[in-house]
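Observations on the model geometry
Listed below are the residues making up each chain.
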Amino acid sequence: MLMASQAIVELKNVDKRYGENHVVKDLNLAINEGEFLSILGPSGCGKTTTLRMIAGFEQQSSGTILVEGEPVEDKEPFERNVNTVFQSYALFPHMTVFENVAFGLKMKRTARAEIRERVQEALALVQLEGFEKRYPSQLSGGQKQRVAIARAIINQPKVLLLDEPLGALDLKLRKQMQLELKRLQKRLGITFVYVTHDQEEALTMSDRIAVMHEGILDQLDAPSRIYDFPATRFVADFIGESNIFDGLASPQGKNIVVTTEAGRVLGQNSGGFEEGEQVQVSVRPEKLRFDSEAREGFDLEGTVRENIFVGTFIKSILLLSSGQEVVLTSLSGQAVPEEGRSYHLFWEPSDAVILHSRSQEIWSTIANVDLSGFSAEADASADAGSAETGGANAAPASAGAASASAASASATPAAASAPAAAHRQKARA
Amino acid sequence: MAKSGQSLGARVRNTAFSALVYLFLYAPIAVIVLFSFNTSRRNIVFEGFTLDWYGVMAGNTQLMDSLVNTLIVASCSTLLSVIIGSLAAVGMYRYRFRGRAAIDALLYIPVVIPEVVLGIALLSVFSLANVPLGLLSMIIAHATFSIPFVVFTVRARLSGFDASTEEAAMDLGANRLQVFSRITVPLIAPGIGAGAMLAFTLSIDDIIISFFTTGATSMTFPLKVMEMVRSGVSPDVYALSTIIILVTFAVVVTSQAIRYRHQKGQEHTGT
Ligand SMILES: Nc1ncnc2c1ncn2[C@@H]1O[C@H](COP(=O)(O)OP(=O)(O)O)[C@@H](O)[C@H]1O
Ligand SMILES: [Mg+2]
């Protein structure tokens with residue numbers, strides 16, 4: 001969708017191994033000039049390693065990294081036109097704030113007067129005027145962070161790499177710095193590659209987010225698309241909160257009927273699903289709705305276990321007949337389900353994301369379950385209108401066993417998107 | 001510093017104990033200083049005050065030559081061991097290589113080995129390699145036993161070192177040499193300084209290894225004193241010792257003062 005010439009940094013089939021440890025797997029990523037791109041993923045998924053390969057501190061095991069269209073394999077870190085803000089700040093403790101910020105200019109043999117002027121400018125940009133003579137040990141965490149940023153932008157790099165720059169700050173300061181960083185990026189027009197494990201941070205700051213997971217790029221998209229249309233189960237789970245149901249798909253016109261262990265549900269048919277295919281339905285807690293009446297196409301019931309008040313909204317935990325817990329949020333002021341009562345649950349089919357699931361383990365387990373008997377039983381309990389009789393103890397023993405193994409299988413990361421799963425199998429072989 | 005909660009008895013006991021420790025440490029030194037001003041040649045009783053021995057000392061060319069030799073050997077061996085030791089410490093900190101653990105363990109051998117053994121070993125190496133015994137052989141010998149100490153002090157400093165500061169410097173355009181000279185060296189300088197001090201003191205008062213590796217014309221101060229002791233120590237040696245004590249004292253006081261001022265400068269948040 002974007003022209004190749006727009007990419008300022010491009011990773012092509014990049015792999016990184018530390019001995020047996022395959023840390024980054026076949027990474028393809030084009031970063032556009034001037035954008036704020038976040039690399040988001042849990043700790044240990046290879047974010048820092050990716051950043052360090054772009055900066056030149058690590059050499060990729062295979063693949064190509066291009067900066068401004070040129071391969072950088074043979075370039076030392078000091079020859080690359082990218083700068084880094086380190087996770088630990090990495091300020092020079094024996095230098096003052098001024099000397100720290102001026103370091104990059106000194107290395108370029110800039111004239112003294114110009115150094116003075118540009119350091120002042122950079123310090124003003126991060127609101128640290130008057131701190132020139134202090135040593136890093138005399139600064140607070142937030143101030144150190146600002147020095148690190150000023151130091152990294154002094155050479156006017158095309159790309160700024162930031163490795164969890166706000167990780168060590170307290171919540172309030174972090175929120176404030178998020179806004180400041182975003183503003184700074186807009187003002188300077190520098191491309192930011194921002195590594196974080198904080199999904200909220202990534203969602204609020206980024207133009208695009210690359211979600212990583214065990215060395216694999218799961219999804220690269222705008223924040224709203226990542227949130228509304230997660231491409232893999234991992235993304236759905238990691239970004240925000242999701243209710244995920246395993247089930248079998250049956251496409252019917254513009255909708256797909258998915259038969260889950262807890263009952264039948266609907267999702268929008270985005271195409272490409274086969275009859276009887278193992279899928280996952282992902283629904284955000286704020287999209288989940290409840291009523292005392294059943295809705296067309298839905299056959300899902302839950303008993304409210306607990307209501308938790310979380311500031312502006314109320315979070316309800318509901319227990320399904322399958323034993324699965326789901327989360328439903330209602331804004332305060334809206335109707336809230338009563339604790340202990342049983343409700344019919346549903347959602348707009350367009351609010352549910354249906355994901356392909358190619359996990360062999362799940363496939364074989366589910367294939368052995370007699371689903372016709374199971375759904376008949378679920379129907380019967382729904383007719384009785386009592387949540388108690390439709391509880392987990394009424395479910396056939398075989399389905400209970402299947403749910404246990406299906407749950408453990410789906411907990412493995414193999415339930416990722418099709419290309420990722422295919423890659424994984426290649427990697428295993 | 002007595003805590004306010006302490007009883008008077010405990011305070012008296014502590015003070016008395018500290019006083020005894022200092023008496024034990026400083027009494028011999030005080031005696032030497034005192035007798036360097038004694039008019040009597042025999043240092044049994046203090047008969048009267050004189051500065052004559054300082055004149056005698058200055059006129060004792062053999063003693064003065066030995067002092068010059070000692071300073072030459074100490075300076076050169078310190079320089080040598082600081083360069084080799086610091087590079088070794090940085091290399092061993094930064095790179096993981098085969099046999100690193102073995103090299104690590106081998107560093108302790110020169111420290112714990114009896115000096116007599118090291119002295120004989122060095123002597124036989126020098127005669128095998130046809131190195132003439134003299135200042136050069138002594139410099140090499142002193143560097144040999146000083147290097148491990150420099151490695152230890154520099155490595156202690158490196159253990160609290162954030163390697164990403166070096167990466168940050170490189171990220172900002174510094175090449176490897178600039179990173180080393182502008183980041184690594186300043187940050188490990190206190191370790192280098194401590195190692196240098198150790199090497200210098202070890203060299204100045206070394207007797208055993210110097211005894212094996214010295215030549216006819218390269219008598220050092222401790223060896224000279226040893227020789228003179230046989231015929232009874234004369235007060236001009238006390239005079240020289242007093243001067244050495246004074247210089248040492250001055251060095252320690254200045255270095256502490258510099259350190260104190262440096263710390264104060266970094267702690268204060270003003271300006
Ligand atoms: N220098 C290294 N040697 C060996 N393994 C490493 C090295 N650096 C990182 N790793 C491993 O690579 C994986 C990814 O690390 P990293 O990129 O730091 O993750 P993240 O930044 O996403 O938390 C981890 O399993 C980590 O143990
Ligand atoms: Mg990291």
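All values reported here derive from a predicted model rather than from experimental measurement.

Some thoughts on the interface of chain B and chain A
If you look at the interface, chain B gives 24 residues, while chain A gives 29 residues. Summed over both partners, the interface of chain B with chain A buries about 2300 Å², with 58% contributed by carbon and sulfur atoms. Counting across the chain B and chain A interface gives two salt bridges. The salt bridge involving Glu76(A) is made with Arg176(B); its shortest N-O contact spans 2.3 Å. Elements with a contribution of two residues or more to the side of chain B that touches chain A: α8 (163-171), α9 (176-204) and α12 (235-267) of chain B. No other element matches the seven residues that α8(B) contributes to the side of chain B that touches chain A.

Looking at the site of ligand 1
Residue and element names in this part refer to chain A. Close contacts around ligand 1 come from Tyr 18, Asn 21, Val 23, Pro 42, Ser 43, Gly 44, Cys 45, Gly 46, Lys 47, Thr 48 and Thr 49, and that covers them all. With respect to ligand 1, the backbone of Gly 44 contributes an N or O atom lying 2.6 Å from an oxygen atom. A distance of 3.2 Å separates an oxygen atom of ligand 1 from a polar backbone atom of Cys 45.

Points about the environment of Arg134(A)
Residues and elements named next belong to chain A. Summarising the element assignment, Arg 134 is placed in the loop between α3 (112-125) and α4 (141-153). The spatial distance from the C-alpha of Arg 134 to the C-alpha of Ser 282 is 52 Å, given a sequence separation of 148 residues. At 3.3 Å, the side chain of Arg 134 forms a polar contact with the backbone oxygen of Gln 138.

Quick word on the domain arrangement of chain B
Residues and elements named next belong to chain B. The domain boundaries assigned to chain B delineate domain 1 (15-50 + 236-263) and domain 2 (59-232). Placing the centre of domain 1 and that of domain 2 at their C-alpha centroids yields a distance of 27 Å. At the junction of the two partners, domain 1 supplies five residues and domain 2 supplies eight residues. Here domain 1 and domain 2 share an interface that buries about 560 Å² over both sides, 87% of which is from carbon and sulfur atoms. Contact with domain 2 buries surface across domain 1, with Asp 236, Val 237 and Leu 240 losing the most and accounting together for 70% of the total. Connecting domain 1 to domain 2 are zero salt bridges. When its residues are assigned to classes, the side of domain 1 that touches domain 2 shows three nonpolar, one polar and one charged.

As for the packing of helix α6 (residues 115-128) of chain B against helix α7 (residues 135-158) of chain B
Residues and elements named next belong to chain B. The contact between α6 and α7 brings their axes to 11 Å, and the two run at 135 degrees. Here α6 lies oblique to α7, going by the angle between them. When you trace α6 past α7, the crossing you get is right-handed. Note on element contacts: α7 touches α6 through Ser 137, Ile 140, Ala 141, Thr 144 and Phe 145, opposite Leu 118, Leu 122 and Phe 126. Of the residues contributing to the contact of α6 with α7, the split by class is six nonpolar, two polar and no charged.

Some words on the side chain of Thr191(A)
Position of Thr191(A) relative to the elements: it lies in strand β8 (residues 191-196). In contact with Thr191(A), not counting residues within four places along its chain, are Ile8(A), Ile31(A), Asn32(A), Glu33(A), Gly34(A), Glu35(A), Lys158(A), Val159(A) and Leu160(A).

Section: the sheet that holds strand β16 (residues 300-310) of chain A
All names here are of chain A. As summarised here, the arrangement of the five strands in space is β15-β19-β16-β17-β18, forming an open sheet in which the pairing is antiparallel. Whereas interior strands pair on both sides, the edge strands pair on one side only; in this sheet they are β15 (289-291) and β18 (325-331). Here the strands of the sheet are splayed against their neighbours by 45 degrees on average, with no regard to which way each runs. Sheet topology places β15 next to strand β19 (residues 342-346); three bridges connect them, and they run antiparallel. Each residue of the ladder has a partner; that of Arg 289, found in β19, is Phe 346.

Quick look at the packing of aromatic side chains
Here a ring pair, both rings aromatic, is described through the centre-centre distance and the interplanar angle of the planes. If you walk through the whole model with that rule in mind, you get 15 aromatic pairs over all chains. When the centroid spacing of 5.6 Å and the interplanar angle of 25 degrees are considered together, the rings of Phe245(A) and Trp347(A) count as stacked. With Phe245(A) in strand β11 (residues 243-252) and Trp347(A) in the loop between β19 and β20 (352-356), this pair connects stretches of sequence that are 102 residues apart. Residue classification places Phe245(A) among the buried residues on the basis of a relative accessible area of 1%. According to the relative accessible area criterion, Trp347(A) is buried, its value standing at 2%. Note on Phe211(B) and Phe212(B): the rings are 5.6 Å apart at their centroids and 80 degrees apart in plane angle, and the pair reads as edge-to-face. Counting every residue linked through ring pairs, the aromatic cluster contains Phe245(A), Phe298(A), Phe346(A) and Trp347(A). Its end group placed over the ring of Phe92(A), Arg151(A) keeps NZ or CZ at 4.5 Å from the ring centre. The aromatic ring of Tyr227(A) is capped on one face by Arg284(A), whose charged end is 3.9 Å from the ring centroid.

Reading the values: rules and limits
- Residues numbered from 1 in each chain as written.
- Chains lettered and ligands numbered in written order.
- Predicted model: local features only at pLDDT ≥ 70, side-chain atom pairs only at ≥ 80, totals over all residues.
- Heavy atoms only, no water.
- Contact = heavy atoms within 4.5 Å.
- Buried area = accessible area lost by both parts, 1.4 Å probe.
- Salt bridge = Lys/Arg side-chain N within 4 Å of Asp/Glu carboxyl O.
- Helix = DSSP H or I, 4+ residues; strand = E, 2+ residues; numbered from the N terminus.
- Near = heavy atom within 4 Å.
- Polar contact = N/O pair within 3.5 Å; in protein donor to acceptor, adjacent residues only side chain to side chain.
- Domains from an automatic or database assignment.
- Nonpolar A, V, L, I, M, F, W, Y, C, P; charged D, E, K, R; others polar.
- Axes fitted to C-alpha atoms, helices over the stretch in contact; angles between N-to-C directions.
- Parallel < 35°, antiparallel > 145°, perpendicular 65-115°, else oblique.
- Left-handed = near helix turned anticlockwise from the far one by under 90°.
- Pairing = 2+ DSSP bridges.
- Phe/Tyr/Trp six-rings, centres within 6.5 Å; stacked < 30°, edge-to-face > 60°.
- Buried < 20%, exposed > 50% of the residue type's maximum accessible area, 1.4 Å probe, protein only.
- Lys NZ or Arg CZ within 6 Å of the ring centre and 35° of its normal.

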